[in-house]
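Chain residues, written in single-letter form:
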Amino acid sequence: MATTDRHAVPLATLALAHALSAAERGLAVIPLSRTKLPALRSPHRDEADPAPCHGECGRPGHGVYDATTDPGRIRDLFVAAPRATGYGIACGLPPHHLIGVDLDTKSGTDSSAALRELALRHPFTIPDTVVVATPSGGRHVWLSGPPDVVVPNSAGRLAPGIDIRGAGGYLVGPGSRTAQGVYSAVPGTAHLPVAPCPPALLRLLTPPPRVHHPSPVHAGQHGQALVQFVLAAHEGQRNTRLFWAACRAYESDLGDSLTNALVEAATRTGLTEREARSTIASAARMTRRDGTEA
């Protein structure tokens, strides 16, 4: 069992205490490892051809589908995961229907400024709510969604550096220790209620169905705008802008036809062709399966 030193409280014990505290607020939790991944391995890992299972088998090890607010069940999960150093909070579940707005900083983009720009453009105001500081200098803003709306997970769809954790996703809970450092509530926010998501922001988080057959004129204008977005990248933004533009292209069924133009734009900003194509390939995968943790 991991500890900070030989006199310290075991990290799994600290993580359990924080997880139980979160559960008292109605937040369903799971144990996490230092890598921010679920601490329990899948019980189906050795099966040759496992059938899809979200915990119907009754055994732990199904990631966010293990999430619970039951104290006894939480203790059992942490007993089964003695090396856990943190906990994840499942999004989209009652009573809070938690939505996590992840303002990332690792890409070098100013995600807080991007959120302010969105708020001015649409417009909306982020209410006082729980905010968690991440080891990388980012922020997780907690919001509550309505019970009849399913908010999907997304990475960079709203703007570069802004990820959303919704149904099927989870947030690293405050008090968790990871390989990167400790997650902690921003002072003054820990005991705030989770505020409702502003309606204008909620509309952005639940976009209309994808347009599968855009008109040639619209496709050309949209594609040109995405290429120009990549060309405007400064050092430190090149990969992020390319990834965001490629995601938007694939969501509009323009990914394959726009790939070469995006690669050319990216190489003009300083990326190598190999880097550009790798980033676009990642975007293609992401539009089929969005990220689920933060």
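Residues numbered from 1 in each chain as written. Predicted model: local features only at pLDDT ≥ 70, side-chain atom pairs only at ≥ 80, totals over all residues. Heavy atoms only, no water.

### Overview of the overall build of the chain
Using the following cut-off: In this description a helix means any DSSP run of H or I spanning at least four residues, a strand means any run of E spanning at least two, and both kinds are numbered starting from the N terminus. Three labels apply to residues, based on accessible area from a 1.4 Å probe with only protein chains included: buried if under 20% of the type maximum, exposed if over 50%, partly exposed otherwise in between. For the accessible areas, the method is Shrake-Rupley and the probe is 1.4 Å, while residue cover comes only from the protein chains on display.
For the chain, the count of helices and strands is eight helices and 12 strands. Among the 294 residues that make up the chain, the fraction classed as buried is 47%. Accessible surface, the chain: about 15,100 Å² in total, of which carbon and sulfur atoms supply 54%.

### Some words on the confidence of the model for the chain
The cut-off we apply is this: Per-residue confidence from the predictor is reported as pLDDT, which spans 0 to 100. In this description, contact between two residues means that some pair of their heavy atoms is separated by no more than 4.5 Å.
Looking at the chain as a whole, its pLDDT mean stands at 85, while 87% of the residues score no less than 70. Mean pLDDT across the secondary structure elements of the chain bottoms out at helix H5 (residues 216–231), with 72, and peaks at strand S4 (residues 131–133), with 98. This stretch, residues 210–218, has a pLDDT under 50; its non-local contacts, to residues over four places away or in other chains, come to 10 contacts.

### Re the packing of helix H6 (residues 238–251) against helix H7 (residues 255–269)
Rules: Throughout, an axis means a line fitted to C-alpha atoms (over the contacting stretch in the case of helices), and angles, computed between N-to-C directions, take values from 0 to 180 degrees. The scheme is simple: roughly parallel for angles under 35 degrees, roughly antiparallel for over 145, roughly perpendicular for 65 to 115, oblique for anything else. For any pair of crossing helices, the crossing counts as left-handed if the nearer helix is rotated counterclockwise from the farther one by less than a right angle, and right-handed if it is rotated clockwise. Charged residues are taken to be Asp, Glu, Lys and Arg, nonpolar residues to be Ala, Val, Leu, Ile, Met, Phe, Trp, Tyr, Cys and Pro, and polar residues to be all remaining types, Gly included.
Packing of H6 against H7 brings their axes to within 10 Å, and their N-to-C directions diverge by 165°. Between H6 and H7, the angle falls in the class roughly antiparallel. Here H6 runs over H7; the crossing is right-handed. Along the contact surface, H6 presents Arg238, Leu242, Ala245, Ala246, Ala249 and Tyr250, while H7 presents Gly255, Asp256, Leu258, Thr259, Leu262, Ala266 and Thr269. In terms of residue class, the contact of H6 with H7 is made up of eight nonpolar, three polar and two charged.

### Looking at the nonpolar core
Definition in use: Buried Ala, Val, Leu, Ile, Met, Phe, Trp, Tyr and Cys residues form a nonpolar core when they are joined through side-chain atoms within 4.5 Å.
Within the largest apolar cluster, 32 residues are counted, with the highest numbers of intra-cluster contacts made by Val29, Ile74, Phe78, Tyr87, Ile89, Leu98 and Trp142. Among the elements of the structure, helix H1 (11–24), strand S1 (29–32), helix H2 (71–80), strand S2 (86–90) and strand S8 (170–172) are those that each provide at least two residues to this core. Element by element, the count of residues in this core is highest for H1, at six residues. For isoleucine 89, the contacting residues outside a window of four places in its chain are Ala22, Leu27, Ala28, Val29, Leu98, Trp142, Gly169, Tyr170, Leu171, Gly173 and Pro174.

### Examining the sheet that holds S1
Inclusion rule: Between any two strands, pairing holds if DSSP finds at least two bridges.
An order of S1-S2-S8 is seen for the three strands of this open sheet, with the pairing classed as antiparallel. The strands lining the two open edges of the sheet, one partner per strand, are S1 and S8. The mean angle between the axes of side-by-side strands here comes to 35°, regardless of whether they run parallel or antiparallel. Relative to S8, S2 runs antiparallel, the two sharing three bridges. Bridged to alanine 90 within S8 is tyrosine 170. In the packing of H1 onto the sheet, contacts are made with S1 and S2, and the angle to S2 comes to roughly 20°.

### A short note on the environment of valine 227
Among the structural elements, valine 227 can be located in helix H5. Of the residues examined, valine 227 reaches a relative accessible area of 15% and is grouped as buried. Taking C-alpha positions, valine 227 is 8.6 Å from alanine 266, a pair spaced 39 residues apart along the chain. Those residues within four positions of valine 227 in sequence are excluded, and the remaining contacts are Leu258, Ala261, Leu262 and Ala265.

### Brief notes about the pattern of salt bridges
Stated formally: The term salt bridge refers to a pairing of a side-chain nitrogen on Lys or Arg with a carboxyl oxygen on Asp or Glu at a separation within 4 Å.
Under the criterion given, the structure shown has five salt bridges. Among the ionic pairs, arginine 165 bridges to aspartate 163, the shortest N-O distance being 3.9 Å. Both residues of the pair, arginine 165 and aspartate 163, belong to the buried class. When the shortest N-O distance is used, the salt bridge between arginine 277 and glutamate 273 registers 3.0 Å. Here the residue arginine 277 and the residue glutamate 273 both occupy positions in helix H8 (residues 273–286), the gap between them amounting to four residues, near one helical turn.

### Concerning the side chain of histidine 62
Put simply, the test is: Polar contact criterion, stated in full: a pair of N or O atoms within 3.5 Å, where within protein one must be able to donate a hydrogen and the other to accept it, and residues adjacent in sequence count only if both atoms are side-chain atoms.
Its place among the elements puts histidine 62 in the loop between S1 and H2. Judged by its relative accessible area of 9%, histidine 62 is buried. Among the polar contacts listed, one links the side chain of histidine 62 to the side chain of histidine 44, at a separation of 3.1 Å. Sequence-distant contacts of histidine 62, that is, excluding residues within four places in its chain, are made with Pro43, His44, Cys53, His54, Gly55 and Cys57.

### With respect to unusual backbone geometry
Following proline 94, the chain continues to proline 95 via a peptide bond in cis, the omega torsion being 5°. Within the fold, proline 95 resides in the loop between S2 and strand S3 (98–103). Despite not being glycine, lysine 36 has its phi angle at roughly 75°, a positive value. Structurally, lysine 36 is set in the loop between S1 and H2.

### Overview of empty space enclosed by the protein
One water molecule sets the probe size; rolling that probe over the atoms shows where empty space is left. Using the following cut-off: A pocket here means an open set of points on a 1 Å grid, computed over the protein atoms alone, that has protein on both sides within 12 Å along at least five of seven lines. A cavity is instead a set of points where a 1.4 Å probe fits but cannot get out; residues with an atom within 4 Å of a point line either one. Grid points are joined across faces, edges and corners, and a volume is the space filled by probe spheres set on the points.
Taken as a whole, this structure holds three cavities of 30 Å³ or more when the rule is applied. Empty space within the largest cavity amounts to approximately 50 Å³. If you trace the largest cavity, you find it lined by Gly26, Leu27, Ala28, Thr69, Ala90, Cys91, Gly92, Leu93, Pro94, His96, His97 and Leu98. The residue inventory of the lining of the largest cavity, partitioned by class, reads seven nonpolar, five polar and no charged.

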